[in-house]
Amino acid sequence: MNDIPAWIAIPAAVFLVTGGLITLIGSIGLLRFEDFKSRIHAPTLGNTFGAIFTLLASILVSFHLADRVFFHEILIVVFLFLTSPVTAMLLMRSYILRLERIGK
C-alpha cells in the first residue's frame, strides 16, 4: 500500500479545499448576479481557478504515488486557460449581437 506523507497530503488537501471553495463562490456568483453580463464573469473565473487548484492537488499526489511526469494535468491546465476565456468572449459576443438584432 502506498502511503502519502504529510508534506504531500496537507498541501494536496489545501489545494482541493481551495479549489472547491473557489468553484462554489463562482457558482454562487452565477446565481446571485442579475444580468447576463455579470453572470458570465463569476463562473468563468471560478471554474478555471477551481479546476487549476484541483489539478495541482492531482499533480502532487500522482507525482508521489506513480513517480511519473504530470503531462496530462499540464495539458488540462493549458486547455482550460485557452478555452475558458474564448468561450466567455463568444457567449458575450452572441449576447451583444442578439441585443442589436432585437433593437435594445
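Named according to an unreviewed UniProt entry, the chain is Monovalent cation/H(+) antiporter subunit G originating from Advenella alkanexedens.

Just checking my understanding: could you explain the overall build of the chain for this structure?
When you go through the chain residue by residue, the secondary structure sums to 4 helices and 0 strands. Each helix and strand of the chain, placed in order from N terminus to C terminus, yields the pattern α-α-α-α. A globule of 104 residues ought to have a C-alpha radius of gyration of about 13 Å, yet the chain, at 18 Å, is considerably larger. In terms of principal-axis extent, the alpha carbons of the chain reach across some 65 × 25 × 15 Å. Of all 104 residues assigned to the chain, the portion counted as buried reaches 21%. Once local pairs closer than 6 in sequence are excluded, the contacts in the chain between residues at least 24 apart make up 69%. The averaged location of the 6 negative side-chain charges in the chain is 17 Å from the averaged location of its 8 positive side-chain charges.

Would you mind going over the environment of T54 with me for this structure?
Position of T54 among the secondary structure elements: in helix α3 (residues 41-66). Linking T54 and I76, residues 22 residues apart in sequence, is a C-alpha distance of 11 Å. Aside from chain neighbours lying at most four places away, what touches T54 is F15, L16 and G19. Of note is the side chain of T54, whose polar atom sits 2.9 Å from the backbone oxygen of G50.

Is there a simple way to explain the side chain of T48 in this structure?
Structurally, the position occupied by T48 is in helix α3. Residues contacting T48, with those up to four places away along its chain left out, are P43, L80, F81 and S84.

When you look at α3 in this model, what are you seeing that I'm missing?
An α-helical turn contains 3.6 residues, so a residue and the one three or four places further along point in the same direction. Taking 1.5 Å per residue as the helical rise, α3 with its 26 residues ought to reach 38 Å, and the 37 Å between its terminal C-alpha atoms agrees with that figure. When we look at burial in α3, the residues that qualify are A42, P43, G46, T48, G50, I52, L55, A57, I59 and S62. The secondary structure elements touched by the buried residues of α3 are α1 (6-32), α2 (36-39) and α4 (71-102). Two residues or fewer past α3, D67 is found with a positive phi of approximately 50°.

Got a minute to help me understand the UniProt feature "transmembrane region" (unreviewed entry) in the chain in this structure?
Under the UniProt annotation, the feature "transmembrane region" (unreviewed entry) is placed at residues 6-33, 45-63 and 69-91. Each end of residues 45-63 is marked by a C-alpha atom, and these two atoms are 27 Å apart; helix forms 100% of the span and strand 0%. Along residues 69-91 the backbone is 91% helical and 0% strand, and the end-to-end C-alpha distance reaches 35 Å.

Is there a simple way to think about a nonpolar patch on the surface in this case?
A cluster of nonpolar side chains, contributed by V17, L21, L24 and I28, occupies part of the molecular surface with about 370 Å² of accessible area. Locating I28 in the fold gives a position in helix α1.

What counts, and at which threshold
- Residues numbered from 1 in each chain as written.
- Predicted model: local features only at pLDDT ≥ 70, side-chain atom pairs only at ≥ 80, totals over all residues.
- Heavy atoms only, no water.
- Helix = DSSP H or I, 4+ residues; strand = E, 2+ residues; numbered from the N terminus.
- Rg over C-alpha atoms; globule rule 2.2 N^0.38 Å.
- Buried < 20%, exposed > 50% of the residue type's maximum accessible area, 1.4 Å probe, protein only.
- Contact = heavy atoms within 4.5 Å.
- Lys, Arg positive; Asp, Glu negative; His and termini not counted.
- Charge placed at Lys NZ, Arg CZ, Asp CG, Glu CD.
- Polar contact = N/O pair within 3.5 Å; in protein donor to acceptor, adjacent residues only side chain to side chain.
- Expected span 1.5 Å × (residues − 1).
- UniProt positions renumbered as here; feature names shortened; annotations may be inferred.
- Patch = residues over 30% accessible without salt bridge, like charges linked within 9 Å, V, L, I, M, F, W, Y side chains within 5 Å.
- Areas by Shrake-Rupley, 256 points an atom, 1.4 Å probe, with all protein chains shown as cover.
- Salt bridge = Lys/Arg side-chain N within 4 Å of Asp/Glu carboxyl O.

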